[in-house]
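If you want the building blocks of each chain, they are given just below.
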Amino acid sequence: MDLLTIGQIINTTLVFATALIFASLGGIFSEKSGVTNLGLEGFMVFGAFAAGIGAHYAQEAGMGGTTSAWMGVLLAIVLGVLVSLIHAVASITFKADQIISGIVINFLAAGSTLYLVKLLFEGSGDSPLVQGFSKFNVPFLENIPLLGEAFFKNVYPTTYLAILFVFLTYYIMFKTPFGLRLRSVGEHPSAADTVGVKVRRYRYVAVMISGALAAIGGAAITLTTTGTFSHNTVSGQGYIAIAAMIFGKWNPIGAFGAAVFFGFSQAIRNYVQLFEWSQSIPQEIIFMLPYLLTIIVLVAAVGRSSAPSALGEPYDPGKR
C-alpha cells in the first residue's frame, strides 16, 4: 500500500468520524452532568433532517451552496435543542427513567422525520439533493507527503470544526468554572447544591448542549457524504457515538480517539476491495464491521470505564 492510499484512508476516516465526534461530545456534556443520554441517535436524525430541509429551502430562496449548508446547520442546532428539552423535562423535572426517555426520543425521531419528509415532498422518502459543503485544499500544506493527502487535501470544513470542538469541550469541561460545576452535579449533586450550584439548571443546559452537538453531527452527514436525508441517513451512528463516549471514558480526547477508530472501521469498507484476500469475504460482513466493533468495544469496556457517580439518578433536593 503506497503513501497516497494511506493518506486517502486517513482522510476518509476523518470524514466518517466527524459525525461521531460531534455526537460523542454531546453525550459527554449530558452524562457528565448526570443525565444518561441514549437519545443521541434521535438527536442526530433530527439534525440530519433539519439540515436537509433547511439547506434545500435556503437554496430555493437563492442562497449559495455554502451559505445554504450553514443555514441547514443552524436549523439543525435549533431543532436539536428543542427536542433535547423533551428529554430534559422528562428526566430532570419529572424524574422519568432516563434510558426509556432516550429510547422514546429515538423512536420519535425515526417516525416523525420520515412522516414529515413524505408530507413535504409529495410522498418521497428522501429530501431533495442539496449541494452541501464543498471539499477544499489548504494551500502549501496539501503538498506535504502523506500528511497533505490525509489532513489538508479534499477536506470538509465540518471535519476541522469537529476537531476544534474536541479541544473546546476539553477546555470548557476541565478548565472553566462552568465545567467544574457541571461535573460536580454529575458526581455529587447534593454537595454541589449545598454550595449554591443550581443542579437542575446545569443539567438542563448540559442536555441542551448535547442535543445541539449531536444534531450538528447528523447535519454533517447530510451536508457532506449523502447530500440528502432519508430514514437510513444516520443508520445507528448515534449508538456508535455512545460507544465512543464510553470507550473514551467520558473524556473529549478519549472520545475523539474512539470516534476515529470507528470512523476507520467505516472508511476501510471503501478500500478493502483493493486487497485480493478480501474477495472471499461476503460484502455483508464488511458492511457490518462498524457495528460488530461497537459491540466488541462495549463488551471490552464493561468494568473498565468509570461513569460519573450520579449518572442516571434523578436529583431530589428533599433527600439531601
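For the structure itself, consult the block above.
None of the values given here were measured: they were computed from a predicted structure.

Caption draft 1: Expanded view of the overall build of the protein chain. Looking only at helices and strands, one finds 13 helices and zero strands in the protein chain. Its helices and strands in sequence order give the protein chain the pattern α-α-α-α-α-α-α-α-α-α-α-α-α, from N to C terminus. A compact globule built from 320 residues should have a C-alpha radius of gyration of about 20 Å, and the protein chain, at 20 Å, falls within 12% of that. Along the first, second and third principal axes, the C-alpha atoms of the protein chain reach 65 × 45 × 40 Å. In the protein chain, which comprises 320 residues, the proportion classed as buried is 49%. For the protein chain, restricting intrachain contacts to residue pairs at least 6 apart in sequence, the fraction spanning at least 24 positions comes to 77%. Taking the average location of the 17 positive side-chain charges in the protein chain and that of its 15 negative ones, the two points are 15 Å from each other.

Caption draft 2: Spatial organisation of a nonpolar patch on the surface. On the surface, a nonpolar cluster with roughly 500 Å² of combined accessible area is contributed by Met-63, Met-71, Leu-74, Leu-75, Val-78 and Leu-82. Inspection of the secondary structure puts Met-63 in the loop between helix H2 (40-60) and helix H3 (65-93). For Met-63, a relative accessible area of 34% translates into the label partly exposed.

Caption draft 3: The arrangement of the nonpolar core in detail. Ranked by internal contacts, the top residues of the largest apolar core, which has 65 residues, are Ile-21, Met-44, Leu-223 and Phe-262. Tallying contributions element by element places H2 first for this core, with 11 residues. Residues in contact with Phe-262, not counting those within four places in the same chain, are Leu-20, Ile-240, Ala-243, Ala-244, Pro-290, Leu-293, Thr-294 and Val-297.

Caption draft 4: Fine view of the packing of helix H6 (residues 157-175) against helix H11 (residues 252-267). Relative orientation of the contacting elements H6 and H11 amounts to 155°, with a least axis distance of 9 Å. On the basis of their axis angle, the class for H6 and H11 is roughly antiparallel. Residue-level inspection shows Ile-163, Val-166, Phe-167, Thr-169, Tyr-170 and Phe-174 of H6 in contact with H11, the latter providing Pro-252, Ile-253 and Phe-256. For the contact of H6 with H11, the per-class residue count stands at eight nonpolar, one polar and no charged.

Caption draft 5: Representation of helix H1 (residues 3-32). The largest bend in H1 is about 40°, located at Ala-17. Counting buried positions along H1 yields 25 of 30 residues, so the element is predominantly enclosed. Positive phi shows up at Gly-34, right after H1, with a value of about 105°.

Caption draft 6: Representation of the layout of surface pockets in the model. Approximately 510 Å³ is the volume attributed to the largest pocket. Secondary-structure elements contributing two or more residues to the lining of the largest pocket are H1, H6, helix H9 (199-226), helix H10 (237-247) and helix H13 (289-301). Broken down by element, the residue count for the lining of the largest pocket peaks at seven residues, all from H1. Here the residues of the lining of the largest pocket sort into 11 nonpolar, 17 polar and four charged.

Each value, and the rule that gives it
- Residues numbered from 1 in each chain as written.
- Predicted model: local features only at pLDDT ≥ 70, side-chain atom pairs only at ≥ 80, totals over all residues.
- Heavy atoms only, no water.
- Helix = DSSP H or I, 4+ residues; strand = E, 2+ residues; numbered from the N terminus.
- Rg over C-alpha atoms; globule rule 2.2 N^0.38 Å.
- Buried < 20%, exposed > 50% of the residue type's maximum accessible area, 1.4 Å probe, protein only.
- Contact = heavy atoms within 4.5 Å.
- Lys, Arg positive; Asp, Glu negative; His and termini not counted.
- Charge placed at Lys NZ, Arg CZ, Asp CG, Glu CD.
- Patch = residues over 30% accessible without salt bridge, like charges linked within 9 Å, V, L, I, M, F, W, Y side chains within 5 Å.
- Areas by Shrake-Rupley, 256 points an atom, 1.4 Å probe, with all protein chains shown as cover.
- Salt bridge = Lys/Arg side-chain N within 4 Å of Asp/Glu carboxyl O.
- Core = buried A, V, L, I, M, F, W, Y, C linked by side-chain atoms within 4.5 Å.
- Axes fitted to C-alpha atoms, helices over the stretch in contact; angles between N-to-C directions.
- Parallel < 35°, antiparallel > 145°, perpendicular 65-115°, else oblique.
- Nonpolar A, V, L, I, M, F, W, Y, C, P; charged D, E, K, R; others polar.
- Bend = angle between axes of the 7 residues up to and from the residue.
- 1 Å grid on protein atoms, 1.4 Å probe; cavity = no way out; pocket = protein on both sides within 12 Å on 5 of 7 lines; lining within 4 Å.
- Points joined across faces, edges and corners; volume = space filled by probe spheres on them.

What is shown is where atoms sit, not what they do.
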